[in-house]
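# Residue-level structural notes
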Amino acid sequence: EPEVTQTPSHQVTQMGQEVILRCVPISNHLYFYWYRQILGQKVEFLVSFYNNEISEKSEIFDDQFSVERPDGSNFTLKIRSTKLEDSAMYFCASTPGGRTQYFGPGTRLLVL
Amino acid sequence: GNSVTQMEGPVTLSEEAFLTINCTYTATGYPSLFWYVQYPGEGLQLLLKATKADDKGSNKGFEATYRKETTSFHLEKGSVQVSDSAVYFCALSMGTSYGKLTFGQGTILTVHP
């Protein structure tokens, strides 16, 4: 069964460094998402992406964040200058167009 | 704005016990409602969903009924197994078919033999 994959599974970085989190959505899906979960808190929506542009973003998704679909398979989240409070589990999700979203296993980001 | 509230956790049960995890929502309009499950070390998996009032979603022995009058979508299972130990998330989405999910805080379920 097709699934969403994410790399790396864990990432440790120093504050102020740039990180890129990678996702490979399911191949025939058209809508892509990033969510994050800070330890002990809710899963929060960051951004949705369709037809090579952002369709919606949350207040969390400020100028430090960007998303890109550089080729036909990858979907990336870049954090330009990481802060301590960016430490979280980041989930990628995709959907062909219905309301059911399919999630990847997540990348645990730790900012020191 | 829209929001989802789940019962406080964690929940610890013995095998074959009855499970209820409460979920209530606040939304303007008519959301679709979901339960996602996260097993240790894995991503979020859709467990069940309901898209309109009085719909019942079911999967793997779990059930939840969309109750518009009480704005609830409680998850139930008649007899839990050790393998059901996981984190359960209630969520909603609004409007368009590609709308974002709004999650509850998650409930950790541990089932002992």
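Not measured: the values here are computed from a predicted model. (Residues numbered from 1 in each chain as written. Chains lettered and ligands numbered in written order. Predicted model: local features only at pLDDT ≥ 70, side-chain atom pairs only at ≥ 80, totals over all residues. Heavy atoms only, no water.)

### Looking at the pairing of strand β4 (residues 31-37) of chain A
All names here are of chain A. Formally: Note on classification: 1.4 Å probe, protein chains only; a residue is buried when its accessible area is under 20% of the maximum for its type, exposed when over 50%, partly exposed between these limits. Helix numbers and strand numbers start at the N terminus; a helix is a DSSP run of H or I with at least 4 residues, a strand a run of E with at least 2. Two strands qualify as a pair provided DSSP detects at least 2 bridges between them.
The buried count for β4 comes to seven of seven residues, which makes it a mostly enclosed element. Of the two faces of β4, both are covered, the one formed by Tyr31, Tyr33, Tyr35 and Gln37 as well as the one formed by Phe32, Trp34 and Arg36. Sheet analysis places β4 next to strand β5 (residues 43-50), joined by seven bridges and oriented antiparallel. The residue bridging Gln37 from the neighbouring strand is Val43, located in β5. The hairpin formed by β4 and β5 contains five residues between the paired strands, and Gly40 there has a positive phi angle of roughly 85°. Looking at chain direction, β4 and strand β9 (residues 88-95) are connected through seven bridges and run antiparallel. In the strand pairing of β9, Arg36 is matched with Tyr90.

### A closer look at the environment of Cys23(B)
Residues and elements named next belong to chain B. How we decide: In this analysis, two residues are considered to be in contact whenever any of their non-hydrogen atoms come within 4.5 Å of each other.
Tracing the chain through its elements places Cys23 in strand β4 (residues 23-26). Accessibility expressed as a relative area gives 1% for Cys23, which makes it buried. Cys23 sits 51 residues away from His74 along the chain, and the two C-alpha atoms are 5.1 Å apart. Setting aside residues up to four positions removed in sequence, Cys23 forms contacts with Val4, Thr5, Gln6, Trp35, Thr71, Ser72, Phe73, His74 and Cys90.

### Looking at the sheet that holds strand β3 (residues 19-24) of chain A
Residues and elements named next belong to chain A. Note the threshold: To get an axis, a line is fitted to the C-alpha atoms, and for a helix only the part in contact is used. The angle between two axes follows their N-to-C directions and goes from 0 to 180 degrees.
Spatial strand order, β1-β3-β8-β7: four strands in an open sheet with antiparallel pairing. Bordering the open sheet on either side are β1 (5-7) and β7 (65-68), each of which pairs with just one other strand. This sheet shows a mean twist of 20° between the axes of neighbouring strands, independent of strand direction. One ladder, built from three bridges, connects β1 with β3; its direction is antiparallel. Bridged to Thr5 within β3 is Val24.

### Quick notes on the pairing of strand β6 (residues 44-50) of chain B
All names here are of chain B. Bridge count between strand β5 (residues 32-38) and β6: six bridges; the pairing is antiparallel. Each residue of the ladder has a partner; that of Leu33, found in β6, is Ala50. Where β5 folds back onto β6 in an antiparallel hairpin, the turn is made up of five residues, including Gly41, whose phi is positive at roughly 80°.

### Focus on the nonpolar core
The following threshold applies: As used here, the term nonpolar core means buried Ala, Val, Leu, Ile, Met, Phe, Trp, Tyr and Cys residues forming a set that is joined through side-chain atoms within 4.5 Å.
Core analysis: the largest hydrophobic core is formed by 27 residues, its most contacted members being Leu19(B), Trp35(B), Leu47(B), Leu48(B), Phe73(B), Leu75(B) and Tyr88(B). Listed by contribution, the elements that provide at least two residues to this core are β2 (11-14), β3 (19-21), β4, β5, β6, β8 (62-65), β10 (86-93) and β12 (107-112) of chain B. Among the elements that line this core, the one with the most residues is β10(B), at four residues. Apart from the residues within four sequence positions on either side, Leu75(B) is in contact with Leu19(B), Thr20(B), Ile21(B), Trp35(B), Leu47(B), Leu48(B), Phe62(B), Glu63(B), Ala64(B) and Tyr88(B). Val4(A), Phe75(A), Cys92(A) and Val111(A) belong to the second largest nonpolar core, which has 22 residues in total.

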